[in-house]
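Okay, here's what each chain looks like letter by letter:
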Amino acid sequence: MDLKNKLRSLVRTRQDPKTIDLSPSNEENLNSFTFEPTVTIQPIGRTRAFSPADPHAENEILKSIEEIYYSSNSFDASDYELQKLNGEYELGKIDQLRKGLKSQLEVVTKTLSEIILKNQAAYTEELKRVTEIENDLGNAVLISKAAREATRQSHDSFAAKELKLLQLHKRGQHHIVVLRALTVIKTLRKTMANISDLIEEGNFTEAIQLTLTCRHAAKQHRQYGCISQLHEKLQDTLMVIEQRLDTSLGQICLNFDAKQYARVYNAYQLLDKNQTAVDQLHMHFITTIHNRSFGILLGFVELANQKTGRSDNFIKKPYQELCQAVPAEFFVLALYELCKGLWEIMKIYRTVVRWHLDLSHQRKLSKGDAVAGSTTPTEPSADRDLVEVYVLHKLESGPPRLWSDMEQKVRALLTHNDAATQLKYDTFGHLLAVLKRFCAVGKEFGGVNSDSLMDAVKQQASRFFSVYHKTKLEELHFFIDNECWEVCPMKSHFTCYDLWEFEFLRPKNIGSSNDRAVDEPKSFFDCRDGITPFDNLMQSEEHSEDVLIDSGVSEKSLSDSDEDVIDELKQDAIDETGERRRPSPKIRRSSAYRSISLGGPVVTNSTLTVLRLFGRYIFFVTMLDSIAPEVVNALSHLFDYYMYTVFTIFSTDIHEYFEPLVITKRLQTAMRRIRENLITANDHVEVGPDGKLRIPTPHLSPTIDVHDTKALFALPERIAAMESLAFLSSQMELIQPHLEKALPPQRRVFLQQFYAQSVALVNDLRAPVYWFVAFRTINYDKALTMMADVAWDIKDLASQHSEYVDHLLSELDTFNNVIRGIGRSTAIPKETMETLWSLAILLANRTFVEGYANAKKCTNEGRALMQLDYQQFLMKAEKLTSLRPLPDRDYVDNYIKAFYLPEDALDKWVKDHREYTLKHVVGLINHSPSLSKKTRQRLLQFVEDPEGLKGKK
């Protein structure tokens with residue numbers, strides 16, 4: 001430390017005081033001076049001649065100066081340099097440090113001198129300007145002193161009374177201002193009360209005008225404390241008015257009043273908040289949709305609770321839970337009221353839009369009149385037009401969003417409530433009608449399709465129809481098991497369109513669209529007050545149909561065989577209780593006889609039941625075409641089950657020998673398909689493992705005996721069953737276009753297959769149904785016994801036919817008489833008579849061939865007798881029947897003629913005619929006179945084992 005102090009003193013003593021500025025402002029430079037006494041710094045204004053130096057080197061020296069030297073005026077350079085030595089005070093190192101600092105000082109001094117010399121002229125000019133300012137300030141002081149002196153003298157020259165007068169005048173003026181302010185305050189107070197009355201009256205426009213006027217007046221007197229409070233109160237009043245306006249705007253959504261809406265809209269216009277108003281209006285409509293929907297459903301839930309005595313509170317429940325709580329008995333009515341309520345909201349919204357359109361039209365007309373007298377519109381009018389354009393655009397773009405909310409409300413009721421599956425058919429029809437109309441209303445209102453709602457409707461309809469179809473199959477099965485197969489006395493030319501279930505498909509209704517257009521408005525929103533588009537959809541129409549013949553027929557309309565029931569028909573049809581009695585069996589048969597005689601169809605109660613179900617099913621399709629494939633499939637179940645019923649009940653006891661003759665292959669295939677896909681062994685309708693509905697096997701009513709010879713083996717019942725099925729098939733042909741139209745193109749293949757594989761096979765069913773009658777009525781076995789006694793090995797040609805022919809003809813005559821006897825009480829359609837005779841002739845022909853094949857010996861004269869017998873049979877049989885030609889005659893002719901064929905032709909005949917049994921062909925081969933023993937053995941081997949014969953060859 002001693003060495004440091006010595007160095008500091010050395011630095012101080014070796015500095016030349018004559019060349020250093022010792023002022024405090026130059027302290028930083030003092031710390032940077034060198035130790036050389038010969039180096040001096042010239043004072044400001046002087047220059048020191050430096051030896052010529054390299055500018056670049058000087059610039060490098062300036063850059064080498066450390067930043068700390070420029071940090072602050074309190075920087076101690078000496079101490080800093082000594083600190084850098086870190087106690088190592090070697091003379092060489094100190095000298096080197098000194099020289100570096102010396103060179104830096106020289107460059108700094110030189111640079112500073114140059115700057116001073118460069119700015120010396122500006123310094124001189126500035127000093128001159130400062131001097132001038134000092135002179136001006138002196139003059140200003142003198143003028144101020146003179147002014148003060150003059151003021152003092154003027155004050156002393158006025159009298160005290162004059163000054164007092166001026167003071168009082170000033171105070172009076174101030175009082176006038178205060179009085180005016182008090183008058184304004186008093187007026188504002190009274191106006192505030194009037195504003196409150198206007199608000200209560202709903203006169204918002206005048207209330208806003210007064211409030212804005214008061215605000216303007218209060219703003220001019222805000223310096224008064226009471227006025228400031230009044231201004232704040234006026235602001236609160238405006239907020240109250242806006243709240244009341246918002247409330248009135250919400251009430252518009254419930255009950256539109258043009259005058260009230262005009263006042264509200266004009267009030268918003270005064271507030272310059274029309275855009276806010278239309279946004280709020282949309283929010284109010286959305287809120288109204290929710291509140292109206294919730295309130296309607298809540299009313300039905302509470303009504304149900306009152307009936308059941310429950311006390312559940314649903315006010316705070318979510319809307320979905322409220323939907324679940326709507327009971328089945330009120331479900332459709334709740335949906336109906338919900339759709340009506342939402343339609344009323346739509347109608348109000350459209351009324352608001354129409355009001356704005358009328359306003360815009362009026363403004364355009366007014367603007368046109370104004371343009372005629374003025375070249376340019378005013379700026380506020382242009383702004384108002386822009387606002388009105390925004391409002392109209394907002395209102396016109398609002399319906400899709402509102403409809404989406406409405407659609408969700410209705411869809412929630414459908415998806416969160418399973419009551420639809422518990423409804424009756426008519427009630428569910430009302431449900432579909434209301435929903436379909438609601439979607440049509442939404443299409444007109446929002447311009448969008450109701451896809452999500454229709455999906456929900458489809459799901460509900462599919463579930464309902466599945467339950468409904470299963471129920472109807474159970475009813476149909478029960479009904480058929482108890483069916484007496486009696487013909488209903490239908491009027492002539494009766495078709496399914498005469499039933500009320502088909503009323504919507506009748507041609508007169510299809511072509512009456514113009515008539516309906518007159519009665520119904522073109523738009524769903526043009527209904528008269530108090531009328532909605534849903535009013536006529538919930539009315540349960542009293543269906544009336546006139547399809548039955550009046551049982552009270554006259555004597556002339558009955559046949560001779562009905563004379564025994566004339567008295568019964570003439571009896572009063574009304575009993576003592578005033579109710580109509582069910583006609584007796586005789587009356588019903590007579591009425592049915594008359595019906596068919598007059599050209600009416602053969603229809604049973606089961607047929608009518610199936611037809612009515614057809615109509616109901618097709619109605620489902622027309623109401624909701626999205627489930628058309630499911631409905632058409634269900635409709636095919638009804639027809640297939642009815643056809644399978646007729647086949648199963650009345651096609652029994654057919655010997656396997658006759659099955660290929662009577663039952664066609666395609667009919668066998670169809671019955672097998674129905675049995676595998678539709679029939680179950682259980683005694684109730686069930687859903688199979690494959691998800692398909694299966695129906696129990698139908699049974700014949702125990703009151704019917706198909707083996708009763710007196711009733712000709714239940715021929716009337718067979719006629720009723722078979723011909724009613726044929727009529728049902730004809731009605732299926734009538735409704736086919738409606739089904740094809742309802743189905744999408746890719747699903748019409750199923751419909752075509754159904755008609756080809758079921759409906760088209762009805763005629764194939766006649767032979768199996770009537771077979772047993774023809775087989776059991778005629779004694780073919782006796783004819784075979786008599787043919788066995790005939791000697792076929794005669795030598796001479798016979799001129800008289802055999803006795804068995806007379807027996808067969810006698811049997812056919814008896815058969816004809818029995819049928820005619822049945823026909824006196826039961827009308828037998830032409831198709832039935834032709835089928836019966838066709839079967840009788842077919843059996844007779846088989847009897848001929850069977851008897852001929854049984855012949856043990858036969859000559860050519862015996863073959864001639866066979867041909868004579870058969871020709872005699874044909875000639876006499878043609879007189880008993882109207883069939884022309886007699887069917888199946890080639891079957892006998894070909895067999896008889898085959899006996900005369902040569903060997904080669906007979907060989908080909910045996911191979912080509914496979915319709916004959918093995919017994920028949922063997923008998924032919926054994927008794928053919930043209931065959932050699934070898935050929936006979938080969939043919940016998942062929943017919944007994946045709947496959948083996950082919951292998952050998």
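Note that the coordinates shown come from a computational prediction; the quantities given were computed from them, not determined experimentally. (Residues numbered from 1 in each chain as written. Predicted model: local features only at pLDDT ≥ 70, side-chain atom pairs only at ≥ 80, totals over all residues. Heavy atoms only, no water.)

(A) Quick peek at the confidence of the model for the protein. Mean pLDDT for the protein: 80, with 78% of residues reaching 70 or above. Per-residue pLDDT stays below 50 along residues 10–52; that stretch engages in 52 contacts with residues further than four places along the chain or on separate chains. Long-range and interchain partners of residues 551–581, a stretch whose pLDDT sits below 50, account for 35 contacts in this model, where long-range means more than four residues apart. (pLDDT = per-residue confidence, 0-100. Contact = heavy atoms within 4.5 Å.)

(B) Up close: the pairing of strand β3 (residues 693–696). Both strand β1 (residues 679–680) and β3 contribute to a ladder of two bridges, which runs parallel. Note on β3: the bridge partner recorded for Thr680 is Pro696. Where strand β2 (residues 686–687) lies against β3, two bridges are found, and the strand directions are antiparallel. Bridge pairing in β3 places Glu686 opposite Arg694. The hairpin turn running from β2 into β3, its antiparallel successor, is five residues long, and Gly691 in that turn takes a positive phi close to 85°. (Pairing = 2+ DSSP bridges. Helix = DSSP H or I, 4+ residues; strand = E, 2+ residues; numbered from the N terminus.)

(C) Fine view of the sheet that holds β2. Taking strand neighbours across the sheet as the criterion, the three strands line up as β1-β3-β2 in an open arrangement whose pairing is mixed. Each edge of the open sheet carries a strand with a single partner, namely β1 and β2.

(D) Main features of the environment of Glu475. As for its placement among the helices and strands, Glu475 is situated in helix α17 (residues 451–481). Along the primary structure Glu475 and Thr609 are separated by 134 residues, whereas in three dimensions their C-alpha atoms are 9.6 Å apart.

(E) Structural context of the pattern of salt bridges. Using the criterion set out here, one finds 20 salt bridges in the structure. Measuring nitrogen to oxygen at the nearest pair gives 2.5 Å for the salt bridge that ties Asp764 to Arg666. In this pair, Asp764 is assigned in the loop between α27 (748–757) and α28 (766–777) and Arg666 in helix α25 (residues 665–678), connecting sequence segments 98 residues apart. Look at Asp764 and you get buried, because its relative accessible area is 14%. Through salt bridges that share partners, Asp95, Arg98 and Lys99 make up one connected network. (Salt bridge = Lys/Arg side-chain N within 4 Å of Asp/Glu carboxyl O. Buried < 20%, exposed > 50% of the residue type's maximum accessible area, 1.4 Å probe, protein only.)

(F) Representation of the environment of Pro716 within the structure. Residue position: Pro716 is located in helix α26 (residues 715–742). Overall, Pro716 belongs to the buried group, its relative accessible area being 19%. It is 9.2 Å that separates the C-alpha atoms of Pro716 and Ser825, two residues lying 109 residues apart in sequence. Residue contacts for Pro716: discarding those within four places in its chain leaves Trp485, Ala711, Ile822 and Thr826.

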